[in-house]
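Chain by chain, the residues run as shown.
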Amino acid sequence: LPALLRSYAPAEIFACGETAVPLPAGAPGKGESPGERLTLLLCANASGSEKVPLRAVGDSPRPRCLRGVNLEQMPWSYRAGSPAGLTAPLFAEWLRDFNEGMRRQGKSVLLLLAKHEAHPYLQLSNVRMVFVPPAAALAQPLDRGIAGDLKGHYRRRLLRWLPAERGAGRPSLLDVLHMLAQAWGDVHPGLIAGCFRAAGYTPDAGAEAVSLTSAPGLLGREQLQRDGDPAEADGDEGTAEGEDAGELAAVPPCPSEREVWRSLATLRRYLECQATSPDLFQAFYELEDAVHMVSAG
C-alpha cells in the first residue's frame with residue numbers, strides 16, 4: 001500500500017466510509033420509531049481540498065418534506081435504505097456517481113475503504129478501489145476525527161435551531177439534511193489532511209500544508225459589527241432638513257428576527273424548487289450564518 005500511495009498525489013487519494021447521526025425526535029418527514037438515525041456516506045481526499053457531497057440513507061422511501069424539491073441540485077443526496085443502513089446496491093450506485101464525477105474532472109483517483117458486505121468491488125474507469133484489511137495498522141481517516149468533527153458541527157447547529165424565531169416546530173428531515181450539508185462544509189480542510197496523515201494515508205506527511213485562514217467570502221464577527229449598521233456611524237446627518245413627514249413614515253421598520261427567519265425560509269424554499277446548481281446553497285448557508293452572528297450579538 002505505501003508504494004501505491006506514492007504513485008498518487010494527496011489530492012488524488014480519497015477515503016470513504018459511513019457514520020450514523022440521530023434525527024431529532026418527532027422531526028416531520030421521518031418515521032415514528034424511536035432513536036431513528038440517518039446513515040451518512042462520507043468521502044474526502046487526503047489534501048482536504050475536495051469533500052464529496054454527503055449521501056444520506058434513511059428509512060423513509062418518500063419523505064413528504066422532500067416533495068417539490070429539485071433533488072438533483074441539492075448539496076446533498078438522500079436514498080431510502082434498509083433498517084441496517086447502507087446496502088450494497090446503494091453503495092454501488094454511489095460508486096458509479098463518484099466515478100462519473102471524477103471522469104468529468106478528468107481525474108484518476110485512488111479510493112480507500114474498509115472491506116464490508118455493503119461495499120462491492122466495481123471495475124471503474126477513473127476510480128481504483130483498494131480495500132484496507134480490518135487488521136491493518138492503518139485506521140480509517142474518517143475515524144481519526146473527521147466524522148467526529150462533522151457530528152460536533154451538526155450538534156451545534158441543532159442546538160442553534162430557534163423555533164420561536166423561525167416560527168416552526170422541530171426541524172424536519174429536509175432541515176436536518178441542510179444542517180448536515182452545512183456541518184460537512186464546516187469541517188476544515190486542515191483537519192481532514194491531518195487525519196489522513198495520522199492514519200498514514202498521505203505519502204508525504206509534509207505535503208500540501210493547508211492554510212488555516214478563514215475561507216474567502218465568509219464574514220467575520222468584527223466585519224459584521226463594523227459594516228452591519230452604517231446608520232449608526234453616520235448618525236442623523238443623512239436626514240435632509242425639513243424632510244417631509246410622509247416620506248419618513250414610508251421608511252419600513254426594522255424587521256423582527258421572526259420575520260427575518262421566515263424570509264430566509266422562503267428564500268431557501270425557492271432555491272430548493274428552482275436552483276440550477278448546488279453551489280447556490282453555499283451562498284445561502286453563508287447568509288444564514290451571517291444572520292445567526294448578527295442575532296447572537
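Not measured: the values here are computed from a predicted model. Once a new chain begins, its residue numbering starts again from 1 and follows that chain's sequence as written. The model is predicted, so local features are restricted to residues of pLDDT at least 70 and side-chain atom pairs to those at 80 or more, both for listing and for counting; the totals for chains, interfaces and linings are taken over all residues. Only hydrogens and water are set aside; all other atoms, that is, all heavy atoms of the structure, feed into the side-chain values.

### A few points about the overall build of the protein
1) Next: Within the protein one finds 11 helices and 6 strands.
2) Next: Whether a residue is buried, partly exposed or exposed follows from its accessible area with a 1.4 Å probe, protein chains only, as a fraction of its type maximum: under 20%, in between, or over 50%, in that order. Here the protein holds 297 residues, and the buried ones make up 39% of them.
3) Next: Of all intrachain contacts in the protein linking residues separated by at least 6 positions in sequence, the fraction that spans at least 24 positions is 69%.
4) Next: Computed by Shrake-Rupley with a 1.4 Å probe, the accessible areas treat only the displayed protein chains as cover when residues are assessed. Element-wise, carbon and sulfur atoms account for 54% of the exposed surface of the protein, whose accessible area totals about 16200 Å². Every helix listed is a DSSP run of H or I at least four residues long, and every strand listed is a run of E at least two residues long, numbered separately from the N terminus. Whether two residues touch is decided by their heavy atoms; if any such pair falls within 4.5 Å, the residues are in contact.

### Re the packing of aromatic side chains
The description of two aromatic rings rests on the distance between their centres and on the angle between their planes.
1) Next: Aromatic contacts are taken between Phe, Tyr and Trp rings whose centres are within 6.5 Å, Trp giving its six-membered ring; a plane angle under 30 degrees counts as stacked, one over 60 as edge-to-face, and the others as tilted. All told, the structure shown has 7 aromatic pairs when counted by the stated rule.
2) Next: Arranged with centres 6.4 Å apart and planes meeting at 55°, the rings of Tyr121 and Phe131 form a pair that is tilted. Taken as a pair, Tyr121 in the loop between strand S5 (109-114) and strand S6 (127-132) and Phe131 in strand S6 lie far apart in primary sequence, 10 residues in all.
3) Next: The interplanar angle of 45° and the centroid separation of 6.1 Å between the aromatic rings of Phe281 and Tyr285 together place this pair among those described as tilted. With Phe281 and Tyr285 both in helix H11 (residues 280-296) and 4 residues apart, the pair spans about one turn of that helix.
4) Next: For Phe281, a relative accessible area of 0% gives the class buried.

### Some words on the nonpolar core
1) Next: Only buried residues count toward a nonpolar core, which is a set of Ala, Val, Leu, Ile, Met, Phe, Trp, Tyr and Cys residues joined through side-chain atoms within 4.5 Å. Counting residues in each nonpolar core, the largest one holds 53 residues, and the members touching the most others are Leu38 and Trp76.
2) Next: Broken down by element, this core gets its largest block of residues, 9 residues, from helix H5 (residues 173-186).
3) Next: If we ignore the near neighbours within four places in the chain, the residues touching Leu38 are Thr19, Ala20, Val21, Leu23, Ala56, Val57, Gly58, Tyr78, Leu173, Val176, Leu177 and Leu180.

### Remarks on the sheet that holds S5
1) Next: Across the sheet, 6 strands lie side by side as S4-S3-S2-S1-S5-S6; this open sheet has mixed pairing. The strands lining the two open edges of the sheet, one partner per strand, are strand S4 (76-80) and S6. Pairs of neighbouring strands in the sheet enclose a mean axial angle of 25°, with direction left out of account.
2) Next: Any two strands are treated as partners once DSSP identifies two or more bridges connecting them. Where S5 lies against S6, 6 bridges are found, and the strand directions are parallel. Residue pairing in the sheet places Leu112 in a bridge with Val130 of S6.
3) Next: Only the stretch in contact is used when a helix axis is fitted, and all axes are lines through C-alpha atoms; the angle between N-to-C directions ranges over 0 to 180 degrees. Strands in contact with helix H3 (residues 146-159) are strand S1 (13-22) and strand S2 (37-45); relative to S1, the strand with the most contacts, it is inclined by about 40°.
4) Next: Packed onto the sheet, helix H6 (residues 189-199) meets S1 and S2 and runs at close to 80° relative to S2.

### So, the pairing of S5
1) Next: Counted residue by residue, S5 has 5 buried out of 6 residues, so it is predominantly covered.
2) Next: Bridge count between S1 and S5: 3 bridges; the pairing is parallel. What sits directly across from Ile13, in S5, is Leu110.

### A look at a nonpolar patch on the surface
1) Next: Residues Leu267, Tyr270 and Leu287 make up a contiguous nonpolar surface patch of about 290 Å² in total accessible area.
2) Next: We classify Leu287 as partly exposed; its relative accessible area is 39%. Patches here are clusters of residues that have more than 30% relative accessible area and form no salt bridge, with a 9 Å joining cutoff for like charges and a 5 Å cutoff for nonpolar side chains (Val, Leu, Ile, Met, Phe, Trp, Tyr). Salt bridge, as used here, is a side-chain nitrogen of Lys or Arg placed within 4 Å of a carboxyl oxygen of Asp or Glu.

### Quick look at the environment of Tyr270
1) Next: Among the structural elements, Tyr270 can be located in helix H10 (residues 257-274).
2) Next: For the pair Tyr270 and Val69, spaced 201 residues apart in the sequence, the C-alpha separation amounts to 9.3 Å.

### What about the pattern of salt bridges?
1) Next: For the structure shown, the criterion picks out 13 salt bridges.
2) Next: Each of Arg156, Arg157, Arg160, Asp186 and Asp289 takes part in a single network of salt bridges with overlapping partners.

### Side note on the confidence of the model for the protein
1) Next: Model confidence for the protein is summarised by a mean pLDDT of 80, while 76% of its residues fall at 70 or above.
2) Next: The predictor attaches a confidence to each residue, called pLDDT, with possible values from 0 through 100. Every residue in residues 205-241 scores below 50 in pLDDT, and together they form 27 contacts with partners more than four places removed in sequence or on other chains.

### Details of the pairing of S1
1) Next: In terms of residue burial, S1 counts as a mostly covered element, since 7 of its 10 residues are buried.
2) Next: Bridging between S1 and S2 involves 9 bridges; their strand directions are antiparallel. Note that in S2 the partner of Gly17 across the bridge is Leu42.

### Re the environment of Gly68
1) Next: Within the secondary structure layout, Gly68 lies in the loop between strand S3 (54-58) and S4.
2) Next: Excluding its chain neighbours within four sequence positions, the residues that come into contact with Gly68 are Arg269, Glu272 and Cys273.

### Details of the side chain of Gln182
1) Next: Position of Gln182 relative to the elements: it lies in helix H5.
2) Next: Nitrogen and oxygen atoms within 3.5 Å of one another constitute a polar contact, given that in protein one can donate a hydrogen and the other can accept it, and given that sequence-neighbouring residues count only through two side-chain atoms. Within the structure, the side chain of Gln182 is placed 3.0 Å from the side chain of Glu288, a separation counted as a polar contact.
3) Next: In contact with Gln182, other than residues within four places in its own chain, are Arg157, Tyr285, Glu288 and Asp289.

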